[in-house]
Each structure stands twice: as structure tokens, then as C-alpha cells.
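Residue-level structural notes
Take a look at the letters that make up each chain.
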Amino acid sequence: MMYKNNAASICLALATVLFSGNALSNFLDRIITLGENTQILPNTPQENIPAASAPGWKTRPPGTIVEIFDAPSSSRVAGAAEALFVRYTTVDVQGLPALASGLVLIPEVQFHANGHWPLVVYGHMTTGVADACAPTHGVVGSSELRRMQQGDEVAHQLLSRGVVVARPDYEGLGESGPHPYLRGDSLARAMRDMASAVGRNWNGIGDKWVAVGHSEGGVAALNTGSRDHPSAAELKLIGVAAITPVTRLENLVAVLEPSPVTAPGVDVAVALAALVLKGIASVDSDFERLLLEEGGLSPRALALWPDLERLCLEDLSHKSSWGGIAPYELKGPRGSEVVAEVRRALQEDDVRLIPMRRDIAVRIDAGILDTVALLPFTDELASQYRARGYDLTYERWLADHSPVADVAAPAIVNWVMEQFTK
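In this text, all values refer to a predicted model and were calculated from it rather than measured experimentally.

So, on to the overall build of the protein. Counting its regular elements, the protein contains 15 helices and nine strands. In summary, the protein has a C-alpha radius of gyration of 21 Å against a globular reference of 22 Å for 422 residues, a match within 12%. Dimensions of the protein, computed from the C-alpha atoms along their principal axes, are close to 75 × 45 × 35 Å. Counting the 422 residues in the protein, one finds 57% classified as buried. Once local pairs closer than 6 in sequence are excluded, the contacts in the protein between residues at least 24 apart make up 77%.

Encoded structure:
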């Protein structure tokens, strides 16, 4: 009994050091709510990336590389002569100078006949919003490594064709500040500023680029093609390819909201819902206050809120984190207001509303068995793009959400190379 009391005192002391105010209260509530027998997952592990040490970077224009290191082992891809971790300048959702990070893969294949490498910027699928979820921070054995490396096959095939592949971590992943999850402007800016940074730093890069992305990265790629967004510095965007881009998420919210059960598939959906809440809160302080201070979330969901900054998607889906809550248990007394605002925000920022540029080619690849980006919604997206006269290639594959990137890789790479030869 003395041992248990001492252990409890140590845990309380550690909690007091790590948290303060409401965060400490939420942490303690979580211990009570989940019970003595539920293990709290440790932080998602991450690579020890050197802290930024680039004085004067705030005066550099967005899309400028300020630091380069050899990439960690888990970021290296077959066919790359060099795999480089880079930091580059960008602008955050508040319009302030910020640093972002990413991976640059230089092919072993020499320059193309015209003397330049083609450039593809590849946006990764959802991994989470914590710094540990940045793909460049992945470590061997991490529960999130599969998603972090999901684009490796596309990258490998592009490298074998002599293409430089740049892979941004996105705003707030691996660097200071929040990650505005699924916010189209932020994702497009991450892709564009990465393209500018790579094009400016390597003289061998040509003057054209293509944006490719998977899931959240598909949203990033499509937003990059919007007429509302400026061009990358000294580069011409000639195509965007979106693999399983998520659309009509507000309908999934409506279906899941009243569900009283947890189950495989539902656990991931609840974790993704938590990421959506965090993403909207990162750009809307009133919404964040509604969630955390004014009864938007239930006490149990509030207790789990800190997990979003320490765990990645696989661990967030675990029964001891967000995956252990039934959807209807997320809502506090003002939960209906939260649901209404989430649906409004998702509708307003949906990829089906993007005013796509008319001078670029667009490609979408869908999974017939996809349980995240549901096929009927992706079919509808393709139909709407065609009705507006966009230059669209649309293909469907017998695969679930994640495997589509690998299954479709040869077709996607062939399509990308065609854009560079037009």
C-alpha cells in the first residue's frame, strides 16, 4: 500500500510539472475516467532533428531554404542519390513568418535531355497534428511509420524517371505552431513554398512542376491548383494529381455523430474527427474557446485533448485515446453548436468548391473499397470537375484508402511524365 501511494504521488508530481491550469485538471480527469487498468500510451516517438539555427530567416522571402541536413534513415527512398532534410521559410495561418520542414530527394538519374530535372511536390496523407507526426521525424518502429512512408512507391518511381521529389511536412508539423489540419489555404501554401524553395536552391530544376498528394495531400494538391492561390516563384504549375482526396466530410459527421458504439473503423473516424476539431480551432479562436472552455466538448473528450499534441493517428485511434470514445460521447452541453460549426467549416473548405485553374491538367485516383474518401463522393467530385470543363483524368482502383497510392503509382507516374513532355 505504501508503494501505491508513493507511485501516485510521483505521477501527480510529474503531471504538475508537465501540465498547468485546465490541462492538469483534464489530465487528472482522464486518469479517473479511464480507470486504473487502462494504459496511457507514451508519446509517439520521433527522430531527434536539430533545432533551427538560422539567424535572420524571418527577413527571407517565403519559399527560401535556410537549412539542409542529411535526412534520417526512415525518410530515405530507393533511387535517390541524396535524401535531404530541409527547412524553408513560409507564412503561417496568421500571416506571420514561419519555418516549415520537408524532404528533398535528388534522383540518381542524370538531367533530362533539356538539361533540367522535372520537379514534383508530393503531399503526404494524414499522420496527425503533433510534431512527431511530421514524416521527416519518423523513426523505425513508430506506429505511424506506414502512413509517413505511404508515398515512397510513387517517389521511387518518379526518381527512376529522373524527377526531383520534394515532400513537405506541412505547416506546424515538426516546426513551431499548430498544424491547420485539412485547411486548404495552409496546405496549398506548404506545397507552393516548398516548390519555390527547391526551385531556387537547385539550379538543375526546370521551370515546371506538378503537385501530387494522397488523402490530406490530395486536398493539398487540388488546392494548389486553385485560381485563388499565387504561383510558386519562377515555376509554372502544369498539373495536380490527387489520390483519394477527402470530400463531403460534413456528411460523414452527420452519420457518425449519433453513434453510441466504438468499433474498428469507428475508432479511426473518431480520431480523425478530433483532428478536424483541432484544425478548425487552430484558425478560429472563438471555436477553440467553445470547445475547451464553454461546454463544446464532454469532460472525457477534454481530458483527451492533450493527446493531439503528443500522439499520431495510429495511437490516437487506440482504445486508451480518442479511439475509445463513441462519437456521441464527444459532445458537451453545447456540442450541437460544435457539430454545426464543423459541418459549416468543412462545407466551406471542401475541394469540390475549388475554382481550378484552366491551364493545368487534373488527375484524381479513387479507391473502390475506400472507407475514408467514400467512392460515391469522389465520383461526384469528378463529375462536378468535368461539368466545369476542367481537364480531368479520373481512375478508380480495387483498393482501400491507403493502398491506392501504391496500386495506382505506375499510372500516376506515367501521367505526370506526360505533363512534362507537353
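There's plenty left to go through after this.
A word on the nonpolar core. The biggest cluster of nonpolar side chains holds 89 residues, and the ones touching the most others in it are Leu 119, Leu 222, Trp 322 and Tyr 385. Sort the elements by how many residues they give to this core and helix H8 (residues 266–283) lands first, with 10 residues. With residues up to four places along the chain from it excluded, the contact list for Tyr 385 reads Leu 222, Val 351, Arg 352, Ile 354, Met 356, Val 362, Ile 364, Tyr 390 and Leu 392.

Glancing now at the packing of helix H9 (residues 285–292) against helix H12 (residues 335–348). Where H9 meets H12, the closest approach of the two axes is 10 Å, and the angle between their N-to-C directions is 150 degrees. Here H12 runs roughly antiparallel to H9, going by the angle between their axes. Helix-helix and strand crossings are classified by hand; for H9 and H12 the assignment is left-handed. Contacts between H9 and H12 involve Phe 287, Leu 290 and Leu 291 from the former and Glu 337, Val 338, Glu 341 and Val 342 from the latter. Within the contact of H9 with H12, the residues separate by chemical class into five nonpolar, no polar and two charged.

This part is about the side chain of Asn 223. Residue position: Asn 223 is located in helix H6 (residues 216–224). Residues in contact with Asn 223, not counting those within four places in the same chain, are Gly 184, Ala 188, His 229, Val 351 and Ile 354.

A cluster of nonpolar residues, Ile 368, Leu 369 and Leu 398, forms a patch on the protein surface that exposes about 310 Å² of accessible area. Relative to the helices and strands, Leu 398 is located in the loop between strand E9 (391–397) and helix H14 (404–407). Owing to a relative accessible area of 68%, Leu 398 belongs among the exposed residues under this scheme.

The subject of this paragraph is the pairing of strand E4 (residues 117–123). Taken across its seven residues, E4 has seven buried, putting it largely inside the fold. The alternating pattern of E4 places Trp 117, Leu 119, Val 121 and Gly 123 on one face and Pro 118, Val 120 and Tyr 122 on the opposite face, and all of these are buried. Alignment of E4 against strand E6 (residues 205–214), held across six bridges, turns out to be parallel. Residue Tyr 122 lies in a different strand from E6, and its bridge partner there is Val 212. Inspection of the sheet shows E4 paired to strand E5 (residues 164–168) by three bridges, in the parallel sense. The residue of E5 that forms the bridge with Val 121 is Ala 166.

Inspection of the secondary structure assignment puts Ala 361 in strand E8 (residues 361–367). Sequence spacing of Ala 361 and Pro 135 is 226 residues, and the spatial spacing of their C-alpha atoms is 28 Å. Aside from chain neighbours lying at most four places away, what touches Ala 361 is Ile 238, Gly 239, Val 240, Asp 391, Trp 415, Gln 419 and Lys 422.

Right, let's talk about the pattern of salt bridges for a bit. In the structure shown here, the tally under the stated rule is 24 salt bridges. In this structure, Arg 248 and Glu 250 form a salt bridge, with 3.5 Å as the shortest nitrogen-oxygen distance. An identical accessibility class is assigned to Arg 248 and Glu 250; each is buried. Salt-bridge contacts for Glu 348 lead to Arg 344; the nearest nitrogen and oxygen are separated by 3.0 Å. Remark: Arg 344 and Glu 348 occur in helix H12; sequence separation between them is four residues, near one turn of the helix. Judged by its relative accessible area of 58%, Glu 348 falls in the exposed class. One salt-bridge network, in which partners are shared between bridges, spans Arg 248, Glu 250, Asp 350, Arg 352 and Glu 380.

As a further point, take empty space enclosed by the protein. Counted under the stated rule, the structure contains four cavities of 30 Å³ or more. Roughly 120 Å³ of volume is contained in the largest cavity. Lining of the largest cavity is provided by 15 residues; of these, Ser 75, Leu 103, Pro 135, Met 148 and Arg 167 occupy positions nearest its centre. Only E4, helix H3 (145–148) and E5 provide two or more residues apiece to the lining of the largest cavity. Here the lining of the largest cavity is composed, by residue class, of six nonpolar, six polar and three charged.

With the rule as written, the count across this model stands at one disulfide. Here Cys 133 pairs with Cys 312 through a disulfide, and the sulfurs are 2.2 Å apart. What sets the handedness of the Cys 133 and Cys 312 disulfide is the S-S torsion sign, and at about -110 degrees it is left-handed. One end of the pair, Cys 133, is in the loop between E4 and H3; the other, Cys 312, is in the loop between helix H10 (299–304) and helix H11 (313–316), and 179 residues separate them in sequence. Since its relative accessible area comes to 0%, Cys 133 is described here as buried. Relative accessible area serves as the criterion here: at 0%, Cys 312 is assigned to the buried category.

What counts and what doesn't
Residues numbered from 1 in each chain as written. Predicted model: local features only at pLDDT ≥ 70, side-chain atom pairs only at ≥ 80, totals over all residues. Heavy atoms only, no water. Helix = DSSP H or I, 4+ residues; strand = E, 2+ residues; numbered from the N terminus. Rg over C-alpha atoms; globule rule 2.2 N^0.38 Å. Buried < 20%, exposed > 50% of the residue type's maximum accessible area, 1.4 Å probe, protein only. Contact = heavy atoms within 4.5 Å. Core = buried A, V, L, I, M, F, W, Y, C linked by side-chain atoms within 4.5 Å. Axes fitted to C-alpha atoms, helices over the stretch in contact; angles between N-to-C directions. Parallel < 35°, antiparallel > 145°, perpendicular 65-115°, else oblique. Left-handed = near helix turned anticlockwise from the far one by under 90°. Nonpolar A, V, L, I, M, F, W, Y, C, P; charged D, E, K, R; others polar. Patch = residues over 30% accessible without salt bridge, like charges linked within 9 Å, V, L, I, M, F, W, Y side chains within 5 Å. Areas by Shrake-Rupley, 256 points an atom, 1.4 Å probe, with all protein chains shown as cover. Salt bridge = Lys/Arg side-chain N within 4 Å of Asp/Glu carboxyl O. Pairing = 2+ DSSP bridges. 1 Å grid on protein atoms, 1.4 Å probe; cavity = no way out; pocket = protein on both sides within 12 Å on 5 of 7 lines; lining within 4 Å. Points joined across faces, edges and corners; volume = space filled by probe spheres on them. Disulfide = S-S within 2.5 Å.

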